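Observations on the model geometry
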Amino acid sequence: MRIGGVDYPCCPFNGWFVDLEIARNLVERYGVGPEVAKICGFDTSSNSSGWRAMVLQKMSAAVTHSFQKSRFSIVDHYTCSQQFLTHVDREKQCGREVPAQWSWIGGFLGVHCPAWHYEMRDFYLRPQFHYHCDRWVVEDASGLEGSKLTKSHKSLQDRPLQDDPRKILILYASTTGTAEQFARNMAKELGLAYGPRVMELNALDEKMVQRFTHIVCFIATFNDGAAPHNGSAFPDVLPFPLLSKKTGQPIRCAVMALGSTMYPGFCAFGKKVSKTLEAAGAACFVPTVLADECKDQAADFQKFLRALRVELEPRQALAGTVESCLAVRLGEPRVGIAEASEPGEVRAHKRAEVVESTPLLANTSEWRSTRRIRIDI
């Protein structure tokens, strides 16, 4: 808080959570949406069923009920919207305009709330609350202990790939953006260990492709079998072989084809890309996945991701800032992390394969993440 030119790093904050914000955190950050939908009997096979909105409404009602049952006060988002407009009217009577972000007050609370139709202008006033960076992220001039970034906290994207020769190229051909989103989500999952490159399918050429050992494709089909604009230049026959210059071996590839069974040419372009890659000498390590827009493409993506993790040895792919291996001591219920310069140095342990590593919180940093880990022991 800055008042009169003086910065106050610790002062009370006048914000609070409404029911919808708590429900949103539970659904988006902790991933309880599919479980709640299953309990409520909602159809989750397609986004068109509206199950996400219904889950959010059910969760919002449950949050309000839990607070009231425990005799704690909480405001619902509709009442909060009305209270905001009352505050705006009071300020107008005093000749003052209220700065506000519509995305947080109108858009977030929903179309049925009064603030949805209120035109807002966001501008700067003082005194003002400011976002403050985490002290452990920056180097503090006062020399506080632990304020400097440690070596392991430096950006992992700048780290070399060390002795692992595998490099991944992720290609996409997308019309509405779904295939591109899947491609970038895949890159985010693999980024810590492999630093994959994401490109349009049209950008594929011989000089560039030789630098990689794996190609992963997310290919949408436009209309009745046509290629999206960023994949229209892909030829029927590649004029060069798909051999990795790094290993001298055929490039290993996998294709996830996106389409809709509403059209006769379901995933036609994705199938074509898969056959063209194989004809050029690529070795497909997983059968082409056909993701139907009328069903749950997100679930197909998770299956596709698991197959890629198996191909890339998930324990190595999910390694963090230290060379570590997950180990299970026989006879004990706990799972520990044994740090060692070489996995062979771990004694009296059994190797355990990581079969899932799903982020639970959004906007996590490069070196800190809250994840759900499943281990096959």
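Keep in mind that what you see is a predicted model, and the values were worked out from it rather than measured.

Analysis parameters
- Residues numbered from 1 in each chain as written.
- Predicted model: local features only at pLDDT ≥ 70, side-chain atom pairs only at ≥ 80, totals over all residues.
- Heavy atoms only, no water.
- Phe/Tyr/Trp six-rings, centres within 6.5 Å; stacked < 30°, edge-to-face > 60°.
- Helix = DSSP H or I, 4+ residues; strand = E, 2+ residues; numbered from the N terminus.
- Buried < 20%, exposed > 50% of the residue type's maximum accessible area, 1.4 Å probe, protein only.
- pLDDT = per-residue confidence, 0-100.
- Contact = heavy atoms within 4.5 Å.
- Patch = residues over 30% accessible without salt bridge, like charges linked within 9 Å, V, L, I, M, F, W, Y side chains within 5 Å.
- Areas by Shrake-Rupley, 256 points an atom, 1.4 Å probe, with all protein chains shown as cover.
- Salt bridge = Lys/Arg side-chain N within 4 Å of Asp/Glu carboxyl O.

Before going further, it helps to examine the packing of aromatic side chains. How two aromatic rings sit relative to each other is set out by the distance from centre to centre and by the angle between their planes. By the definition in use, this model includes 6 aromatic pairs. Here Phe 182 and Phe 218 contribute two aromatic rings whose centre-to-centre distance is 6.5 Å and whose plane-to-plane angle is 35 degrees, an arrangement assigned as tilted. Here Phe 218 lies in strand 5 (residues 214–220) and Phe 182 lies in helix 6 (residues 178–194), a separation of 36 residues in the sequence. When sorted by exposure, Phe 182 lands in the same class as Phe 218, which is buried. Put simply, the rings of Phe 182, Phe 218, Phe 301 and Phe 304 pair up and form one aromatic cluster.

What follows is about the confidence of the model for the protein. Per-residue confidence for the protein gives a mean pLDDT of 75, with 74% of residues at or over 70. Long-range and interchain partners of residues 138–164, a stretch whose pLDDT sits below 50, account for 30 contacts in this model, where long-range means more than four residues apart. Taken as a whole, residues 314–347 scores under 50 in pLDDT and shows 56 contacts with residues more than four places along the chain or in a different chain.

What follows deals with a nonpolar patch on the surface. Judged by side-chain polarity, Ile 3, Val 6 and Tyr 8 come together as a nonpolar surface patch covering roughly 260 Å² of accessible area. Mapped onto the secondary structure, Val 6 falls in strand 2 (residues 6–7). For Val 6, a relative accessible area of 38% translates into the label partly exposed.

On to the pattern of salt bridges. Tallied over the full model, the rule gives 8 salt bridges. Here Arg 121 ties to Glu 97 by a salt bridge, and the two come within 2.8 Å at their closest N and O atoms. Of the two residues, Arg 121 sits in the loop between helix 5 (102–107) and strand 3 (168–173) while Glu 97 sits in the loop between helix 4 (77–93) and helix 5, which places them 24 residues apart along the sequence. Given a relative accessible area of 45%, Arg 121 falls into the partly exposed group.

Residue placement: Tyr 263 occurs in the loop between strand 6 (252–259) and helix 8 (268–279). On a C-alpha basis, the gap between Tyr 263 and Asn 223 in space is 7.2 Å, while along the polypeptide they are 40 residues apart. Excluding its chain neighbours within four sequence positions, the residues that come into contact with Tyr 263 are Asn 223 and Asp 224.

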